[in-house]
Amino acid sequence: MESPQLAGREGPSQRADARRNHERVFAAALEVFQESGLQGTVPQIAERAGVGKATVYRSYPTKEILVKAVVQYRLAELERRITGSAITGSDRQVFDAYVRSLFESLAHDRLLPAVLAGAQSADAAELLARLTKLMEEAKAAGHVRSDATALDLRVVLCGLVLQLSTMADRDPALWRRYGELTLQALRP
C-alpha cells in the first residue's frame, strides 16, 4: 500500500526509516479516517502510527493534503475492485454493479461518504462523472429513465449518502438497501 504522495518522492536520498515512517503514517491515516471520517485528527494518526505529529507533518504538511491522499487511494481502490471484477453484460448490469459496489464500499468508510456527500473535491467530481457516463450508457439502452440527468444522479446518490452518513449507520445491509433504492429511482 503506497500512498500517492510517496510515489513521487522515492529515491536513493530518502532514508529507509523516513520511508517506513511515511508508510506507517499513511496506513494509520487510512484507518483513522475510515473510522472517524473528517473528524479524524493528526494527533490520532500520529499516535496510531507510533510517531510524533512532526513526522506526520513532514510527510503531509496539512491535514487537507493527507485527506486528499487518502481519498485518492480509496477511490483508486474502489475503481480497481469494480473494474477488476470484470463486470460484463448489458449497460444496465455495469451501471447497477458500479452503484452497488459504491454503496457497499461506503458502508465501511466514514471518509468517502463525507467527501462524496459534499461533492466538492475533484475526486468526488471524477467519481460522479464516471457514474454519469455509465448512467448515460444505460439510459441510451433504455435501462434508465429517459429524463434522468447528471443532477438527478447527484441529488439521489449524494443525498442518500449524506443522510446515511449523518445517521452514522454502518450496517452494510442498510447501505445496500439504499443503493438499490438509488437504482430504482432511476429506472424507467
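Just above, that's the structure.
Residues numbered from 1 in each chain as written. Predicted model: local features only at pLDDT ≥ 70, side-chain atom pairs only at ≥ 80, totals over all residues. Heavy atoms only, no water.

### Structural notes on the packing of aromatic side chains
For the coordinates displayed, the defined rule picks out two aromatic pairs. Look at Phe-26 and Tyr-73: their rings are 5.4 Å apart centre to centre, the planes differ by 85°, and that puts the pair in the edge-to-face class. With a gap of 47 residues between them, Phe-26 in helix α2 (residues 16–36) and Tyr-73 in helix α5 (residues 63–84) connect regions that are remote in the sequence. Judged by its relative accessible area of 1%, Phe-26 is buried. Residue class for Tyr-73 comes out buried when judged on its relative accessible area of 14%. An angle of 55° between the planes, with centres 6.3 Å apart, marks the rings of Phe-103 and Trp-175 as tilted. In this pair, Phe-103 is assigned in helix α6 (residues 91–106) and Trp-175 in helix α10 (residues 172–185), connecting sequence segments 72 residues apart. Summarising the burial analysis for this pair, Phe-103 and Trp-175 share the class buried. Its end group placed over the ring of Tyr-178, Arg-177 keeps NZ or CZ at 5.5 Å from the ring centre. (Phe/Tyr/Trp six-rings, centres within 6.5 Å; stacked < 30°, edge-to-face > 60°. Helix = DSSP H or I, 4+ residues; strand = E, 2+ residues; numbered from the N terminus. Buried < 20%, exposed > 50% of the residue type's maximum accessible area, 1.4 Å probe, protein only. Lys NZ or Arg CZ within 6 Å of the ring centre and 35° of its normal.)

### Thoughts on the layout of surface pockets
Space left empty within the atom packing is revealed by a probe, the size of a water molecule, rolled over the atoms. Empty space within the largest pocket amounts to approximately 180 Å³. Of all the secondary structure elements, the ones that give two or more residues to the lining of the largest pocket are α5 and α8 (122–140). Here the lining of the largest pocket gets five residues from one element, more than from any other, and that element is α5. Its residues assigned to classes, the lining of the largest pocket shows five nonpolar, one polar and four charged. (1 Å grid on protein atoms, 1.4 Å probe; cavity = no way out; pocket = protein on both sides within 12 Å on 5 of 7 lines; lining within 4 Å. Points joined across faces, edges and corners; volume = space filled by probe spheres on them. Nonpolar A, V, L, I, M, F, W, Y, C, P; charged D, E, K, R; others polar.)

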